[in-house]
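# Residue-level structural notes
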Amino acid sequence: MITESDIEHIAELADIGISKDEVPEFTLQFNAILEYFEVLDSVEGEGAPAAGTTNVFREDEPWPSLPQEAVLANAGSTEDGFIKAPRVM
């Protein structure tokens, strides 16, 4: 079980500003999360997947891409054969 002093220590390590008023609420929430993990630990698993399962993903095969002219036709602004985007700072 996690205590309020544990929560204060964890908050200090994580550099999270938690006020003294918030510590009891965080303690309850943290303990509820840990209790849920105990429930998950008690679930029995089957281990290996069932026999006869198949890969549902397709093979990665190259496809021809759009021609440069078709792509640039949809661009708002272009420069030297490339899509020009606004500068982000």
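Let me begin by describing the structure that accompanies this report. The shown structure was predicted, so the numbers you read here are calculated from the model rather than taken from an experiment. (Residues numbered from 1 in each chain as written. Predicted model: local features only at pLDDT ≥ 70, side-chain atom pairs only at ≥ 80, totals over all residues. Heavy atoms only, no water.)

## A short note on the overall build of the protein
Spelled out, the test is: Counting from the N terminus, the helices are DSSP H or I runs at least four residues long and the strands are E runs at least two residues long. For a compact globule the rule gives 2.2 Å times the number of residues to the power 0.38, and the radius of gyration it is set against comes from C-alpha atoms. Type-normalised accessible area, obtained with a 1.4 Å probe on protein chains alone, sets the label of each residue: buried when under 20%, exposed when over 50%, and partly exposed for intermediate values. Each accessible area value is a Shrake-Rupley result obtained with a 1.4 Å probe; residue values ignore everything except the protein chains displayed when judging cover. The charged-residue count follows a simple rule in which Lys and Arg add positive charge and Asp and Glu add negative charge, with His and chain termini not counted at all. The location of each charge is read from NZ of Lys, CZ of Arg, CG of Asp or CD of Glu.
Per the secondary structure count, the protein includes three helices and two strands. Seen in sequence order, the protein has helices and strands lined up from the N terminus as α-α-α-β-β. Relative to a compact globule of 89 residues, whose C-alpha radius of gyration would be 12 Å, the protein shows 27 Å and is clearly more extended. Taking the principal axes of the C-alpha coordinates as reference, the protein spans close to 65 × 50 × 20 Å. Taken over 89 residues, the protein has a buried fraction of 8%. As displayed, the protein has an accessible area near 8,600 Å², and 58% of this comes from carbon and sulfur atoms. Of the side-chain charges in the protein, 4 are positive and 19 negative, and the distance between the mean point of each set is 19 Å.

## Side note on the pattern of salt bridges
Using the following cut-off: Here, a salt bridge means any Lys or Arg side-chain nitrogen found within 4 Å of an Asp or Glu carboxyl oxygen.
Considering all chains together, one arrives at two salt bridges under this definition. Here Lys20 makes a salt bridge to Glu8, at a shortest N to O gap of 3.2 Å. With a gap of 12 residues between them, Lys20 in the loop between helix 1 (4-13) and helix 2 (23-41) and Glu8 in helix 1 connect regions that are remote in the sequence. We classify Glu8 as partly exposed; its relative accessible area is 33%. A salt bridge links Glu79 to Lys84; the nearest nitrogen and oxygen atoms lie 3.3 Å apart.

## Regarding the environment of Gln68
Applied cut-off: Polar contact is the term for a pair of N or O atoms within 3.5 Å; when the atoms are in protein, one must be able to donate a hydrogen and the other to accept it, and sequence-neighboring residues count only if both atoms are side-chain atoms.
By secondary structure assignment, the location of Gln68 is in helix 3 (residues 68-73). Using a relative accessible area of 45% as the deciding quantity, one classes Gln68 as partly exposed. Along the backbone, Gln68 and Phe82 are 14 residues apart, and their C-alpha atoms lie at a distance of 8.7 Å. Separated by 2.5 Å, the side chain of Gln68 and the backbone oxygen of Gly81 make a polar contact.

## Remarks on the packing of helix 1 against helix 2
Condition: Inter-axis angles, ranging from 0 to 180 degrees, are taken between N-to-C directions of lines fitted to C-alpha atoms, where helices are fitted over the stretch in contact. Here the word oblique covers every angle except those under 35 degrees (roughly parallel), over 145 (roughly antiparallel) and from 65 to 115 (roughly perpendicular). Note on definitions: a residue-residue contact is assigned when non-hydrogen atoms from the two residues lie within 4.5 Å. Residues are grouped as follows: Ala, Val, Leu, Ile, Met, Phe, Trp, Tyr, Cys and Pro are nonpolar; Asp, Glu, Lys and Arg are charged; all remaining types, including Gly, are polar.
Across the interface, helix 1 lies against helix 2 with an axial gap of 9 Å and an inter-helix angle of 95 degrees. With respect to their mutual orientation, helix 1 and helix 2 come out roughly perpendicular. Between helix 1 and helix 2, the residues in contact are Glu4, Ile7, Glu8 and Ile10 and Val23, Pro24, Phe26, Thr27 and Phe30, respectively. Looking at the contact of helix 1 with helix 2 residue by residue, the class counts come to six nonpolar, one polar and two charged.

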